[in-house]
Amino acid sequence: MSKKHQLSVDPARIGAVLDGRWAEQRYIGRSFIDSEHAVLSETGDLEQLREETLAGVKALIDTGISGLPLPESEGGQNNHAGYVAAFEELVTAEPSIQIKAGVQFGLFAGAIQHLGNAEQHDKWLKPAVRGELLGAFAMTEIGHGSDVASIGTTATYDPSDETFVINTPFRAATKEYLGNAAVHGEAAVVFAQLITNGVNHGVHCFFVPIRDGAAGEPLPGVTPEDDGRKGGLLGIDNGRLSFDNVRVPRTNLLNRYGDVAADGTYSSDIESPGRRFFTMLGTLVQGRVSLDGSGVTAAKLALDIAMRYGLQRRQFTGGDDAVEEVLMDYQQHQRRLMPLVARVFANAVAHDQLLESFQLVFGGEDDSDEARQRLETQAAGFKAITTWDALCTIQECREACGGAGYMWENRLVGLYGDLDVYVTFEGDNTVLLQLVAKRLLSDYAAELKDIDLGGVARYIGTQAAEHSLYRSGLANVGRTIGDIFTPALNNKRVRSGHVQQAMLHNRVEVMVADLAGTLRPAASMPPAKAAEVFNSVQHQLIEAARAYIEALKWEALNDAMHEVQKRSGHDEEAKLLRRIRDLYGLSLIEDNIGWHIMYGRLSMSRARQIGPTIDSLCTKLAANAGDICESFGYGPKHRRATIAEGIEAKRQQEAMDYYRNARAQRDFPVDERHLYKQRKAKEKKAKRG
């Protein structure tokens, strides 16, 4: 590697930026790799892998991670963000263990904690956190995934014996894809339509025993089914649950937001059914927050492997016929990996800001509706973009390692298989971005939650143009475009933070304004026609949401860079972060360069400067590729990839030593190409003279 652009940086300082405020908990999560139960067997049937995964989850309890989010009064630390940070790092050990732990502690126990009362905490939460009560999170149904409000499972109250009768009225209402459901779960938190006194009060959550704890047999009326072998996460016993007149006591309703008296009278502190529903679901946002960070961890791990390999692997000769070039010296190799490095840095620092918001809300410091809505919107958008980025990064890293990347021993194909479903659970990514877009276009998110699709469109048409840009916090950024883009724009100006900020934010402004204008006529349309108009702009909605989230992530990276700039003696680290910020911002602009040209934000001549500037930044960043790998904080046990641990460098050195010694021998064969060149040179000389 050329030393020309290499900066003298301390990887630990860069790592501190990536690890953020909850670095201590991240180290706890990473140290789990030292447990004898942290890694599953490479071979083994589903039963063996599932039992090993269960052993891993129980071993995880000894680290103290599972108890971090509990209130101090219940033996915890009220440290919700710390729990999530530690949880995210478990990807480096075994994604199956991570997700099974997430089901047990984050979803099953989390639902009891956030939706239940103190008595229910004593009865079920503490055993769940200790791993003594294994449970499933029964929300998704075969017929309804992301549309939770329309699930078919019913819980009908019977005042004669003060029980709820849980029923699966048709096949599509079967609970599906549930971790712990196929084998290990003894109970489930079941989301169902609460019906009492002839009124459906919408989706509520119930604690439902599903197996005899001692014998492990399904309880009467409960039918579990095994999902069998999946594309990844083989250690998790995913399954289905259906219910046939299963009775649970009235007190099994997790009643923080809605309760039923002995006579069947329903009560809630939240009058609006729609607001109540979204408030309940909002307490479960932890899953999306943790998947956002898990995507960051997986992408860092893949890049760590691929870049280490790229710094060792040699292919094709360049200026020296005797020495092949290192992969990382090739411009295209830099182009395929360095923008992904910039992307993972942006995702990491933005995620740390998301954790800050998460802790403020769930720790009780700022539990306002506004704070919750902001958290829910950003968690949805961040999770969508980051998990998609993770898959793209893992795949690109796999390809960048050639055939070696396809070998199971080098981790990447297994990592891709395990991470594949992250883009689907806790909300399909496309649906999550629709949620973000809807909130960009709303005055107050809560006002849209109670309106049907046609009503959403009519409401947006009358309100969005006046409020959306100001609620998003991006209003009026675009007015600086004319001041910033002068005829003197050159390479240096392209890298200006003000230029990038203006372009990224202005794009969001224009897209949202265009959408609002398109939807405005829906205000006077009947519901069916209004819904049709809304449906016609779904792609634009997704693109606007993506642009908004990417702009927020750029801002987070920009903030992190400026924070490091303020620290004495951190000039080189700040310079590296600026290169990363600029590469991220310009890559986003390049990805949508047609839009910027079409809307007059870039002239053709200015647009042509973007690509060469990105090329230059990739080359400069590649000079510090080794430092960046070190900053991720992972060791051989985390990577578990042969090609990343020096074996390739040994092979290359062995080959160079062989040829060096061979060429020194008198009987070393002459390359025919050399003879051919000599002959042609003689023939050419003969013709001239």
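Residues numbered from 1 in each chain as written. Predicted model: local features only at pLDDT ≥ 70, side-chain atom pairs only at ≥ 80, totals over all residues. Heavy atoms only, no water.

### A word on the overall build of the chain
Stage number 1. When you go through the chain residue by residue, the secondary structure sums to 27 helices and 13 strands.
Stage number 2. Taking 2.2 N^0.38 as the reference for a compact globule, 689 residues should give roughly 26 Å; the C-alpha atoms of the chain span a radius of gyration of 28 Å, in line with that estimate.
Stage number 3. Taking the principal axes of its C-alpha atoms as reference, the chain extends roughly 115 × 60 × 50 Å.
Stage number 4. Total accessible area computed for the chain in this model is approximately 29000 Å², and 50% of it derives from carbon and sulfur atoms.
Stage number 5. With 77 positive and 91 negative side-chain charges, the chain shows a spacing of 11 Å between the two charge centroids. (Helix = DSSP H or I, 4+ residues; strand = E, 2+ residues; numbered from the N terminus. Rg over C-alpha atoms; globule rule 2.2 N^0.38 Å. Areas by Shrake-Rupley, 256 points an atom, 1.4 Å probe, with all protein chains shown as cover. Lys, Arg positive; Asp, Glu negative; His and termini not counted. Charge placed at Lys NZ, Arg CZ, Asp CG, Glu CD.)

### Side note on the packing of helix 4 (residues 80-88) against helix 8 (residues 286-310)
Stage number 1. In the contact formed by helix 4 and helix 8, the axes pass within 8 Å of each other and the chain directions differ by 40 degrees. As far as their axial angle goes, helix 8 and helix 4 are oblique. The element helix 4 and its partner helix 8 pack so that their crossing is right-handed. For the pair helix 4 and helix 8, the contacting residues are Tyr 83, Val 84, Phe 87 and Glu 88 in the first and Gln 286, Val 289, Ser 290, Gly 293, Ser 294 and Thr 297 in the second.
Stage number 2. In terms of residue class, the contact of helix 4 with helix 8 is made up of four nonpolar, five polar and one charged. (Axes fitted to C-alpha atoms, helices over the stretch in contact; angles between N-to-C directions. Parallel < 35°, antiparallel > 145°, perpendicular 65-115°, else oblique. Left-handed = near helix turned anticlockwise from the far one by under 90°. Contact = heavy atoms within 4.5 Å. Nonpolar A, V, L, I, M, F, W, Y, C, P; charged D, E, K, R; others polar.)

### Some points on the pattern of salt bridges
Stage number 1. Overall, the coordinates contain 45 salt bridges when judged by the stated rule.
Stage number 2. A salt bridge links Arg 495 to Asp 582; its shortest N-O distance comes to 2.7 Å. Linking Arg 495 in the loop between helix 16 (491-494) and helix 17 (497-519) with Asp 582 in helix 20 (residues 571-591), this pair joins segments that are 87 residues apart in sequence.
Stage number 3. You can call Arg 495 buried: its relative accessible area is 13%.
Stage number 4. Overall, the relative accessible area of 0% leaves Asp 582 in the buried class.
Stage number 5. The partner of Arg 578 in a salt bridge is Asp 582, and the shortest N-O contact between them spans 3.4 Å. (Salt bridge = Lys/Arg side-chain N within 4 Å of Asp/Glu carboxyl O. Buried < 20%, exposed > 50% of the residue type's maximum accessible area, 1.4 Å probe, protein only.)

### Things to note about the confidence of the model for the chain
Stage number 1. Looking at the chain as a whole, its pLDDT mean stands at 89, while 91% of the residues score no less than 70.
Stage number 2. Ignoring residues within four places in sequence, the model shows residues 443-489, a span with pLDDT below 50, making 96 contacts including any to other chains. (pLDDT = per-residue confidence, 0-100.)

### Focus on the UniProt feature "domain: Acyl-CoA oxidase C-terminal" (unreviewed entry) in the chain
Stage number 1. The UniProt feature table records "domain: Acyl-CoA oxidase C-terminal" (unreviewed entry) at residues 530-633.
Stage number 2. Taken as a whole, residues 530-633 contains 83% helix and 0% strand, while its terminal C-alpha atoms sit 52 Å from one another. (UniProt positions renumbered as here; feature names shortened; annotations may be inferred.)

### With respect to the domain arrangement of the chain
Stage number 1. Domain assignment breaks the chain into domain 1 (11-255), domain 2 (289-636) and domain 3 (646-687).
Stage number 2. Of the residues lining the interface, eight residues belong to domain 2; the matching set on domain 3 comes to seven residues.
Stage number 3. Here domain 2 and domain 3 share one salt bridge between them.
Stage number 4. A salt bridge links Arg 313 to Glu 648; the nearest nitrogen and oxygen atoms lie 3.8 Å apart.
Stage number 5. The interface formed by domain 2 and domain 3 contains one residue pair in polar contact (both at pLDDT 80 or more).
Stage number 6. Of the residues belonging to the side of domain 2 that touches domain 3, the class tally is three nonpolar, one polar and four charged. (Domains from an automatic or database assignment. Polar contact = N/O pair within 3.5 Å; in protein donor to acceptor, adjacent residues only side chain to side chain.)

### Notes on the pairing of strand 8 (residues 239-243)
Stage number 1. Burial analysis of strand 8 places five of its five residues in the buried class, the great majority of the element.
Stage number 2. With burial as the criterion, each face of strand 8 is covered, one bearing Gly 239, Leu 241 and Phe 243 and the other bearing Arg 240 and Ser 242.
Stage number 3. Taken together, the two bridges between strand 4 (residues 175-178) and strand 8 define a ladder with antiparallel strand orientation. Bridge pairing in strand 8 links Lys 175 to Leu 241. (Pairing = 2+ DSSP bridges.)

### Notes on unusual backbone geometry
Stage number 1. At Asn 180, a position not held by glycine, the phi torsion is positive, near 75 degrees.
Stage number 2. Assessed through its relative accessible area of 1%, Asn 180 is described here as buried.
Stage number 3. One non-glycine residue with positive phi stands out, namely Arg 640, at about 50 degrees.
Stage number 4. Within the secondary structure, Arg 640 is located in the loop between helix 25 (636-639) and helix 26 (647-663).

### What about the nonpolar core?
Stage number 1. With 142 residues, the main nonpolar core has Val 289, Leu 303, Met 307, Leu 337, Met 338, Phe 345 and Phe 632 as its most contacted residues.
Stage number 2. Of the residues forming this core, the biggest block, 16 residues, is contributed by helix 9 (residues 331-362).
Stage number 3. Both domains that furnish three or more residues to this core are identified here as domain 1 (11-255) and domain 2 (289-636).
Stage number 4. Within the second largest apolar cluster, 29 residues are counted, among which are Ala 109, Ile 112, Val 129 and Met 139. (Core = buried A, V, L, I, M, F, W, Y, C linked by side-chain atoms within 4.5 Å.)

### So, the environment of Arg 26
Stage number 1. Secondary-structure assignment places Arg 26 in helix 2 (residues 23-31).
Stage number 2. Judged by its relative accessible area of 5%, Arg 26 is buried.
Stage number 3. Expressed as a C-alpha distance, the spacing of Arg 26 and Lys 438, which sit 412 residues apart in the sequence, is 34 Å.
Stage number 4. If near-sequence neighbours (up to four positions away) are discounted, Arg 26 is found in contact with Asp 19, Ala 85, Glu 88, Glu 89, His 351 and Leu 355.
Stage number 5. For Arg 26, the side chain forms a polar contact with the main-chain oxygen of Asp 19, separated by 3.1 Å.

### With respect to the sheet that holds strand 8
Stage number 1. Spatially, 4-8-7 is the arrangement adopted by the three strands of the open sheet, whose pairing is antiparallel. Each of the sheet's edge strands pairs with one partner strand only, and the pair in question is strand 4 and strand 7 (222-226). Recorded for the sheet is a direction-independent mean angle of 25 degrees between the axes of neighbouring strands.
Stage number 2. Pairing analysis gives five bridges linking strand 7 to strand 8, with the strands arranged antiparallel. Looking at strand 8, one finds that Val 222 is bridged to Phe 243.

### Considerations on the pairing of strand 6 (residues 199-209)
Stage number 1. Strand direction decides the pairing type here: strand 5 (residues 187-196) and strand 6, joined by nine bridges, are antiparallel. Directly across from Ile 195, in strand 6, lies its bridge partner Asn 200.
Stage number 2. Where strand 5 hands over to strand 6, the hairpin turn is made up of two residues, of which Asn 197 adopts a positive phi near 50 degrees.

### As for the state of the cysteines
Disulfide: a covalent bond formed between the sulfur atoms of two cysteine residues.
Stage number 1. This structure, assessed with the given rule, holds zero disulfides.
Stage number 2. Left unpaired, Cys 397 is separated from the closest cysteine sulfur, that of Cys 401, by 6.7 Å.
Stage number 3. Taking the relative accessible area as the measure of exposure, Cys 397 reaches 0% and is therefore buried. (Disulfide = S-S within 2.5 Å.)

### Quick notes on the packing of helix 18 (residues 527-536) against helix 19 (residues 538-565)
Stage number 1. At a minimum axis separation of 5 Å, helix 18 and helix 19 run at an interaxial angle of 50 degrees. Between helix 18 and helix 19, the angle falls in the class oblique. Residues Phe 534, Asn 535 and Ser 536 of helix 18 pack against Gln 538, Gln 540 and Leu 541 of helix 19.
Stage number 2. In terms of residue class, the contact of helix 18 with helix 19 is made up of two nonpolar, four polar and no charged.

### With respect to helix 11 (residues 412-419)
Stage number 1. Residues of helix 11 that are buried include every one of Leu 412, Gly 414, Leu 415, Asp 418 and Leu 419, and no others. Down the axis of helix 11, the buried side of the element spans an arc of 160 degrees, and every buried residue falls inside it. (Arc of directions from axis to C-beta.)

### Describing the environment of Lys 123
Stage number 1. Its location among the elements puts Lys 123 in helix 6 (residues 118-129).
Stage number 2. For the pair Lys 123 and Leu 415, spaced 292 residues apart in the sequence, the C-alpha separation amounts to 37 Å.

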